Amino acid sequence: SLLRSKFSEAEIKVEVCYTSPLNAFETALSQAKEGDLIVVYGSFYTVSQVMAYQHHFLEQKEIK
């Protein structure tokens, strides 16, 4: 993909590539440690899906 080739040109190593933004975000959340930053970018549609999921995830975490 074009994005992957741009990462390569910038010497950014890509270990895994997801076809679903939500799957990628869930994996990032499960692997993140305190203080880590998860960056989501793309179209408004892509980012809004992840933001809605994050909002729901944080609400569920507060309830427990």
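An account of the accompanying structure is given in this report. (Residues numbered from 1 in each chain as written. Predicted model: local features only at pLDDT ≥ 70, side-chain atom pairs only at ≥ 80, totals over all residues. Heavy atoms only, no water.)

## Some thoughts on the overall build of the chain
Item 1. From N to C terminus, the chain includes three helices and zero strands.
Item 2. Ordered by position from the N terminus, the helices and strands of the chain form the series α-α-α.
Item 3. Rg of the C-alpha trace for the chain: 14 Å, well past the compact-globule value of 11 Å for 64 residues, more than 25% over.
Item 4. Projected onto the principal axes, the alpha-carbon positions of the chain cover approximately 45 × 25 × 15 Å.
Item 5. Residue burial in the chain is summarised as follows: out of 64 residues, 6% are buried.
Item 6. When the accessible surface of the chain is split by element, carbon and sulfur atoms take 57% of a total near 5800 Å².
Item 7. With 6 positive and 8 negative side-chain charges, the chain shows a separation of 5 Å between the mean positions of the two kinds. (Helix = DSSP H or I, 4+ residues; strand = E, 2+ residues; numbered from the N terminus. Rg over C-alpha atoms; globule rule 2.2 N^0.38 Å. Buried < 20%, exposed > 50% of the residue type's maximum accessible area, 1.4 Å probe, protein only. Areas by Shrake-Rupley, 256 points an atom, 1.4 Å probe, with all protein chains shown as cover. Lys, Arg positive; Asp, Glu negative; His and termini not counted. Charge placed at Lys NZ, Arg CZ, Asp CG, Glu CD.)

## Let's talk about the layout of surface pockets
Item 1. Taken as a whole, the largest pocket holds about 1100 Å³ of empty space.
Item 2. Around the largest pocket, the lining comprises 28 residues; the ones closest to its centre are Val16, Tyr18, Ala24, Val39 and Tyr41.
Item 3. The biggest single contributor to the lining of the largest pocket is helix H2 (residues 21–31), with six residues.
Item 4. Of the residues that constitute the lining of the largest pocket, the class distribution is 18 nonpolar, six polar and four charged. (1 Å grid on protein atoms, 1.4 Å probe; cavity = no way out; pocket = protein on both sides within 12 Å on 5 of 7 lines; lining within 4 Å. Points joined across faces, edges and corners; volume = space filled by probe spheres on them. Nonpolar A, V, L, I, M, F, W, Y, C, P; charged D, E, K, R; others polar.)

## Some words on the environment of Leu2
Item 1. Within the secondary structure layout, Leu2 lies in helix H1 (residues 2–9).
Item 2. With relative accessibility at 63%, the residue Leu2 sits in the exposed group.
Item 3. Considering only alpha carbons, one finds Leu2 and Thr19, 17 residues apart in sequence, at a separation of 14 Å.

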